[in-house]
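# Structural overview for review
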Amino acid sequence: MMDLDLRQVRSFMDVADLGSFSAAADKAGLTQPAISLHIRLLEKQLGVRLIERVGRRAQPTAAGRDFLIHARRIAEEVAHAIETVAPHRSGATGRLRIGTGATACIYLLPPVLSRIRQAMPGIDIVVQTGNTHDILRLLEANTIDAAVVALPASGRSLDIREIHLDELVAVFPRGEGEKTLNAETLSTQPLLLYEGGNTRRLVDQWFSGSGRTVQPAMELGSVEAIKKLAGAGLGVAIVPRMAMEHEGAASGLEWRALEPPLERRIALAMRRDKHMTAPLRALAAALPDVRKV
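First, a word on scope: everything that follows refers to the structure included in this document. (Residues numbered from 1 in each chain as written. Predicted model: local features only at pLDDT ≥ 70, side-chain atom pairs only at ≥ 80, totals over all residues. Heavy atoms only, no water.)

## Focus: helix α8 (residues 197–208)
The end-to-end C-alpha distance of α8, which contains twelve residues, comes to 17 Å, matching closely the 16 Å that a straight helix rising 1.5 Å per residue would cover. Every buried residue of α8 is listed here: N198, T199, R200, L202, V203, W206 and F207. (Helix = DSSP H or I, 4+ residues; strand = E, 2+ residues; numbered from the N terminus. Expected span 1.5 Å × (residues − 1). Buried < 20%, exposed > 50% of the residue type's maximum accessible area, 1.4 Å probe, protein only.)

This is the structure we're talking about:
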């Protein structure tokens, strides 16, 4: 495919419109020899003469007049292309694809995404939920732009920084919980736990650290479902504190810290080679930076 130099095309249009190499040079802020060189190179590439002198005026040849029609279209398309991408430079438009766990999607991200949307009302925000392993696989495949996941998380191509420490707490119907919520007392209760994922592994390790192995009464992938079942008296749930902090008395639920305390770490992960678009920069800035891991 023949590659046209847009500067040469612009010089040709200016000479054709102004009828003068010197006037075209003044308009472009170039020297007259530079404009003449542009025309000669363009004519050589196309294999036809585009400009001829009639008296003291430079004007397009028959081939030049035909080419001028297309040159104007090229200029219009280039201007339109520049206008189209301009909002992306300012961050006024674009797309932000985030992968995260369901709990962070419900409780951690909404205020962050709300601030980003207010600052950049033209961007599309897409959120996909899943466990840490699956979300990181999407990130490494560049199917999503960023991931907010529970640690541990790793990847050679990933930059990971901790953004949130989230305590895990015991949840039960109001007034029915044990006074001491340690591995010994909880192992005797019907338990409602996450199925799989990093959060479940942390809970299992917490029990095993006290020499206990538990078989939960129910395993679910939804923190809201776990809370509902706990409220119905079907067992004691262990869920992230962020899922309980805004629960009012009307929920009928009560929560307390575990003994010893159990925390999970939430991190922001991005590809190291990812171009930092304005929406991505806004996401990184809106999330706290506990420490890099």
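## Focus: the pairing of strand β5 (residues 146–150)
For β5, the tally of buried residues reaches five of five residues, placing the bulk of the element in the interior. Of the two faces of β5, the one carrying A146, V148 and A150 and the one carrying A147 and V149 are both buried. In terms of strand pairing, β5 meets strand β10 (residues 253–271) through four bridges, oriented antiparallel. Residue pairing for β10: V148 is matched across the bridge by L268. (Pairing = 2+ DSSP bridges.)

## Some details on the layout of surface pockets
When its volume is computed, the largest pocket comes out at roughly 360 Å³. Taken together, 22 residues make up the lining of the largest pocket; nearest its centre are G101, A102, G130, N131 and Y194. Contributions of two or more residues to the lining of the largest pocket are made by α5 (102–119), α6 (132–140), β5, α8 and β10. Residue composition of the lining of the largest pocket, by class: nine nonpolar, eleven polar and two charged. As a volume, the second largest pocket reaches approximately 160 Å³. Lining the second largest pocket we find Y107, L108, H164, L165, D166, E167, R241, M242, E245 and H246. (1 Å grid on protein atoms, 1.4 Å probe; cavity = no way out; pocket = protein on both sides within 12 Å on 5 of 7 lines; lining within 4 Å. Points joined across faces, edges and corners; volume = space filled by probe spheres on them. Nonpolar A, V, L, I, M, F, W, Y, C, P; charged D, E, K, R; others polar.)

## Observations concerning the side chain of N198
Inspection of the secondary structure assignment puts N198 in helix α8. Here A150 takes part through its backbone oxygen, which lies 2.7 Å from a polar atom of the side chain of N198. Contact partners of N198, with chain neighbours within four places excluded, come to T132, A150, L151 and P152. (Polar contact = N/O pair within 3.5 Å; in protein donor to acceptor, adjacent residues only side chain to side chain. Contact = heavy atoms within 4.5 Å.)

## Things to note about the packing of helix α1 (residues 6–18) against helix α2 (residues 21–28)
The relative placement of two packed helices is expressed as an angle between their axes plus a distance between the axes. Running from N to C, α1 and α2 cross one another at 125°; their axes reach a closest spacing of 8 Å. By the criterion of interaxial angle, the relationship of α1 to α2 is oblique. In the packing of α1 onto α2, the handedness of the crossing is right-handed. Listed contacts from α2 to D14, V15 and L18 of α1 are F21, A23, A24 and K27. The residue makeup of the contact of α1 with α2, split by class, is five nonpolar, no polar and two charged. (Axes fitted to C-alpha atoms, helices over the stretch in contact; angles between N-to-C directions. Parallel < 35°, antiparallel > 145°, perpendicular 65-115°, else oblique. Left-handed = near helix turned anticlockwise from the far one by under 90°.)

## Observations regarding the environment of L138
Mapped onto the secondary structure, L138 falls in helix α6. In this structure, the C-alpha to C-alpha distance between L138 and P260, residues 122 residues apart in sequence, is 35 Å. Setting aside anything within four residues of it in sequence, one finds L138 in contact with Q128, T143 and I144.

Keep in mind that these numbers describe shape and distance, not what the molecule does.
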